[in-house]
Amino acid sequence: MLLSMTGYGEARCQSDALSLSVELRALNNRYLKVSLRAPDPYHLLEADFEKVIRRTVKRGTIQVHLRCDRQAATDDFRINTVALASYVRQIREAKDVTDAERAAVLGQVLMLPGVVPESGSRTHQLTEDWPVIEKTLQQSLDHLQNMRKDEGKAMAQELLAHRDVIAKHLDLIRKLTPQVVATFRDRLHERVTSVLSELDVKIDRNDLIREVSIFAERSDIAEEVVRLATHLTHFQEIMKEEESPGRKLEFLTQEMFRETNTIGSKASDVEISRQVVEIKGTLEKIRELIQNVE
């Protein structure tokens, strides 16, 4: 089953204490890369986000945007009574400090470090909020996955159509191959006969056979044609695998390019060269599509 590496998914969650949304955008990448944009302190959850995403997505850049609004609770506002008592005791015990000065300092004691935790320090909420965030993230992943599957189906149909086009051109090459040697033999015989007739010299039949045999050996593309046909069959089989086979298809396409280039370089025939150009053009379309397959 083919999966596209591009897609979009979003999910929202609303409760009395928490309002959040998770937005996912998937882009092409050879490897998996997760990027999280979230308010403080939720950006600290990037490793947890990647762990969940990795269960579903194998390749691509996943841009995550977490929007989170948490309603303040009474427990969110606390005073560090130990720090407060320590400051007050030290002020009262301080010498050379008048009662008026003590009263003035005590009025500002809440602003001293450690008495009231900083408002931005809410890391204690991460453990409490993560189950809800994870559930919303999974819902967003499900939506993303559905879009990737739909795009993958369309891509699979297009890839198979390209594969069939290559198979037709290859079949033409297979039919043309036996004629190549015969054409070369006739052309060689005609040219040599034309030249030697002026010199009143006859052609040695064995020499002609030897030259034709050498040409036939050098231009023999039967093995490459068989391998390319095998690759086309394997290509179709790989696309039926349950896990998206982007990497396998990428490698197999490279192998098909290699066989096609060899056919083009060995076959000294205009019509075969034309078919090779058509195959290479179609393979290039396949390669562009596969770059978007997970």
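Everything below is about the structure printed above this text.
Cut-offs and rules
Residues numbered from 1 in each chain as written. Predicted model: local features only at pLDDT ≥ 70, side-chain atom pairs only at ≥ 80, totals over all residues. Heavy atoms only, no water. Helix = DSSP H or I, 4+ residues; strand = E, 2+ residues; numbered from the N terminus. Buried < 20%, exposed > 50% of the residue type's maximum accessible area, 1.4 Å probe, protein only. Contact = heavy atoms within 4.5 Å. Areas by Shrake-Rupley, 256 points an atom, 1.4 Å probe, with all protein chains shown as cover. Pairing = 2+ DSSP bridges. Right-handed = clockwise from strand over helix to strand, strands pointing away. Core = buried A, V, L, I, M, F, W, Y, C linked by side-chain atoms within 4.5 Å. Axes fitted to C-alpha atoms, helices over the stretch in contact; angles between N-to-C directions. Parallel < 35°, antiparallel > 145°, perpendicular 65-115°, else oblique. Left-handed = near helix turned anticlockwise from the far one by under 90°. Nonpolar A, V, L, I, M, F, W, Y, C, P; charged D, E, K, R; others polar. Phe/Tyr/Trp six-rings, centres within 6.5 Å; stacked < 30°, edge-to-face > 60°. Salt bridge = Lys/Arg side-chain N within 4 Å of Asp/Glu carboxyl O.

**What to know about the overall build of the chain**
- Looking only at helices and strands, one finds 8 helices and 4 strands in the chain.
- Counting from the amino terminus, helix and strand elements in the chain follow one another as β-β-β-α-β-α-α-α-α-α-α-α.
- A buried classification covers 35% of the 294 residues belonging to the chain.
- A sequence separation of at least 24 residues applies to 80% of the contacts in the chain between residues at least 6 apart.
- Carbon and sulfur atoms make up 52% of the accessible area of the chain, which amounts to about 18100 Å² in all.

**What to know about the pairing of strand S4 (residues 60-70)**
- For S4, the buried fraction is high: 8 of the 11 residues fall into the buried class.
- Pairing geometry for strand S2 (residues 18-27) and S4, over 10 bridges, is antiparallel. Following the sheet pairing, Ser-19 is matched in S4 by Asp-69.
- Relative to S4, strand S3 (residues 32-37) runs parallel, the two being bridged by 6 bridges. Each residue of the ladder has a partner; that of Lys-33, found in S4, is Thr-61.
- Viewed along the sheet, the connection from S3 through helix H1 (residues 46-54) into S4 turns out left-handed.

**Looking at the nonpolar core**
- By size, the foremost hydrophobic cluster in this structure holds 29 residues, and its most contacted members are Leu-159, Ile-173, Phe-235, Ile-263 and Ile-272.
- In this structure Leu-159 touches Leu-2, Phe-235, Met-239, Ile-286, Leu-289 and Ile-290, once residues within four positions along its chain are discounted.
- By size, the runner-up hydrophobic cluster in this structure holds 24 residues, among which are Leu-20, Ala-26, Val-64 and Leu-144.

**Notes on unusual backbone geometry**
- A cis amide bond links Asp-40 to the next residue, Pro-41, at an omega of 10°.
- Its place among the elements puts Pro-41 in the loop between S3 and H1.

**Some thoughts on the sheet that holds S2**
- Taking strand neighbours across the sheet as the criterion, the 4 strands line up as S1-S2-S4-S3 in an open arrangement whose pairing is mixed. Looking along the sheet, the strands with just one partner apiece sit at the ends: strand S1 (7-14) and S3. Pairwise comparison of adjacent strand axes, ignoring direction, gives a mean angle of 15° for this sheet.
- Each of S2, S3 and S4 touches H1; the most contacted strand, S3, lies at about 135° to it.

**A closer look at the packing of helix H6 (residues 222-238) against helix H7 (residues 246-266)**
- Where H6 meets H7, the axes come as close as 9 Å, and the angle between the chain directions of the two elements is 160°. For the element pair H6 / H7, the angle class is roughly antiparallel. Between H6 and H7 lies a crossing of left-handed hand. The segment H6 lies against H7, with Glu-224, Val-225, Arg-227, Leu-228, His-231, Leu-232, His-234, Phe-235 and Ile-238 engaging Lys-248, Leu-249, Leu-252, Thr-253, Glu-255, Met-256, Glu-259, Thr-260, Thr-262, Ile-263 and Lys-266.
- Residue composition of the contact of H6 with H7, by class: 9 nonpolar, 5 polar and 6 charged.

**Some words on the packing of aromatic side chains**
- Applying the stated rule across the entire model yields 1 aromatic pair.
- Each ring, one from Phe-49 and one from Trp-130, has its centre 5.7 Å from the other, and the planes form 65°; the classification is edge-to-face. Of this pair, Phe-49 sits in helix H1 while Trp-130 sits in helix H4 (residues 124-197); the two residues are 81 residues apart in sequence, bridging distant segments of the chain. With respect to burial, Phe-49 and Trp-130 carry one shared label: buried.

**So, the pattern of salt bridges**
- What the rule picks out here adds up to 17 salt bridges.
- As a salt-bridge pair, Arg-174 and Asp-171 come within 3.3 Å of each other at their nearest N and O atoms. With a gap of 3 residues between them, Arg-174 and Asp-171 both fall in helix H4, about one helical turn apart.
- What makes Asp-171 partly exposed here is its relative accessible area of 30%.
- Arg-227 is the salt-bridge partner of Glu-224, the closest N and O atoms lying 3.9 Å from each other. Placement of both Glu-224 and Arg-227 in helix H6 is noted, with a separation of 3 residues, approximately one turn of the helix.

**Focus on the packing of H7 against helix H8 (residues 270-290)**
- Packing of H7 against H8 leaves a shortest axis separation of 10 Å and a crossing angle of 165°. In terms of their interaxial angle, H7 and H8 are classed as roughly antiparallel. H8 is crossed by H7, and the crossing has left-handed handedness. In contact with Gly-246, Leu-249, Glu-250, Thr-253, Met-256, Phe-257, Thr-260, Asn-261, Ile-263 and Gly-264 of H7, H8 contributes Ile-272, Val-276, Ile-279, Lys-280, Leu-283, Glu-284, Ile-286, Arg-287 and Ile-290.

**Structural notes on the environment of Met-1**
- One can find Met-1 in the segment before S1.
- Remark: the alpha-carbon pair of Met-1 and Ile-238, spanning 237 residues in sequence, is separated by 8.9 Å.
- Discounting chain neighbours no more than four positions away, the residues touching Met-1 are Lys-149, Met-239, Lys-240, Glu-241, Glu-242, Glu-243, Ser-244 and Pro-245.

Note that every value here comes from positions in space, so none of it alone points to a role or purpose.
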